[in-house]
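So you can see what is in the structure, the chains are spelled out below.
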Amino acid sequence: MSMNVTSQTDKSRDAKPSTGGRDSACVACGGTGWLIETQGTIEKARRCDCVSRRIMEKLISNAGIPQRYSDCCIDTLNAKGNDSLRAAKKVAQKFIDDYPAVTAGLLFIGPPGVGKTHLAVAILKEIVHKTGDTCIFYDYRDVLKQIQETYNKESQASEMAILEPVLTCRLLVLDEIGARRVTDWAHDTIFYILNQRYSNSRITIMTSNFPESKLSYDKAMQTHRDLDEYTLVDRIGIRLDSRLHEMCRFVRIEGEDYRKRNIQERYGSTG
Ligand SMILES: Nc1ncnc2c1ncn2[C@@H]1O[C@H](COP(=O)(O)OP(=O)(O)OP(=O)(O)O)[C@@H](O)[C@H]1O
Ligand SMILES: [Mg+2]
Ligand SMILES: [Zn+2]
């Protein structure tokens, strides 16, 4: 398997497997992590597959994926009758195939419930499995909140302890960018994070509810009349928006709110 072991040196929320890669429940190797192969009179030891499997599991569990999204993968995203979602899935698959030879991240933009976070998580998981890279999922509001909390006198964590994995992980998923109204401090913090990552050729995948421009806002309003009245630029400012265009390919997803559709189907809509 073509696992990039050197990437294990990346700092993450706890990227190293605490078990040394051994699986006590493994039937094949009895938990030693080694298999003995006999060729004639010669015995050779080789690593059992459970070792890399445990490393992957550890990387995934340390990635901070919310429980609700832990099973998300590209195949389970149903794009039937939705051209924009089908196109987005293709972009996602190409990104995975090309990674790590990619120079820009992705920004999935669209109304609520169309599968943006699902897709971002699915990419993260595939990249971990493909490369063994340290990948982290963060809600935009949480990263700001956690950094802010470190300013409390009683806080055990330092600002850098939160920031470092965010800055250095190979792939960062920043969910719901712009979801919180930005103060100058929040703007500068996110700008710093994204700028640092960009300068160091670190890839970032993002999602947002906010249409990128007034033009796409007017279009989105035709189907989603309950949208907030803001565009992404209103929420994050011109400078950060310009940075995003440099760092990411913008991928628009249209469609119905899957959450509503799913619930109505389950309970049997009367409407
Ligand atoms: N096309 C789809 N096929 C299968 N499941 C879907 C699809 N779209 C969304 N879902 C599921 O619906 C739920 C909502 O999707 P998700 O959270 O990815 O939407 P979102 O676009 O990120 O919405 P928001 O803007 O509110 O964050 C998730 O559980 C997701 O797995
Ligand atoms: Mg989402
Ligand atoms: Zn084993």
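Here the residue index of a chain counts from 1 through its sequence in written order. Chains carry letters and ligands carry numbers; both start at the beginning, A for chains and 1 for ligands, and go up in the order they are written. The predicted nature of this model means local features are confined to residues of pLDDT at least 70 and side-chain atom pairs, given and counted, to a pLDDT of 80 or more, with totals for whole chains, interfaces and linings taken over all residues. Hydrogens are left out, water is left out, and the side-chain values use all remaining heavy atoms of the structure.

Caption draft 1: Local environment of the overall build of the chain. Note on conventions: DSSP H or I runs of at least 4 residues are helices, E runs of at least 2 residues are strands, and numbering of each starts at the N terminus. Looking only at helices and strands, the chain has 10 helices and seven strands in total. The proportion of buried residues among the 271 residues of the chain is 45%. Only heavy atoms enter the contact rule, under which two residues are in contact if any of them lie within 4.5 Å. Across the chain, every contact between residues at least 6 apart in sequence was considered, and the portion connecting residues at least 24 apart equals 74%. Here the Shrake-Rupley method, with its probe set to 1.4 Å, supplies the accessible areas, and only the displayed protein chains count as covering residues. Carbon together with sulfur atoms contributes 49% to the accessible area of the chain, which is approximately 15,000 Å² in total. Buried, partly exposed and exposed residues are distinguished by accessible area as a fraction of the type maximum, computed with a 1.4 Å probe on protein chains only: under 20%, between the cut-offs, and over 50%, respectively.

Caption draft 2: Broad picture of the site of ligand 1. When we say a residue is near a molecule or strand, we mean one of its heavy atoms is within 4 Å of it. Neighbouring ligand 1 are 18 residues; Tyr69, Gly113, Lys116, His118 and Asn209 lie closest to it. A distance of 2.6 Å separates an oxygen atom of ligand 1 from a polar atom in the side chain of histidine 118. For the shell around ligand 1, the elements supplying multiple residues, two or more each, are α3 (116-131) and α10 (258-267). Here the element with the most residues in the shell around ligand 1 is α3; it accounts for three residues. As a working rule, the residues Ala, Val, Leu, Ile, Met, Phe, Trp, Tyr, Cys and Pro are called nonpolar, Asp, Glu, Lys and Arg charged, and the rest polar, with Gly in that last group. In terms of residue class, the shell around ligand 1 is made up of eight nonpolar, seven polar and three charged. Polar contact is the term for a pair of N or O atoms within 3.5 Å; when the atoms are in protein, one must be able to donate a hydrogen and the other to accept it, and sequence-neighboring residues count only if both atoms are side-chain atoms.

Caption draft 3: Representation of the sheet that holds strand β5 (residues 171-175) within the structure. One open sheet accounts for five strands, arranged β4-β5-β6-β3-β7; its pairing is parallel. Only two strands of the sheet have a single neighbouring strand rather than two, namely β4 (135-139) and β7 (248-252). Averaged over all pairs of adjacent strands, the angle between their axes in this sheet comes to 15°, without regard to strand direction. Two strands qualify as a pair provided that DSSP identifies no fewer than 2 bridges between them. Pairing of β5 with strand β6 (residues 203-208), which is carried by four bridges, proceeds in the parallel orientation. In the strand pairing of β6, leucine 172 is matched with threonine 204. Axes here mean lines fitted to C-alpha atoms, for a helix over just the part in contact, with angles spanning 0 to 180 degrees between N-to-C directions. Running at roughly 95° to β7, helix α9 (residues 238-247) makes contact with β3 (105-109), β6 and β7 of the sheet.

Take it as geometry only, folks, not as evidence of what the structure does.
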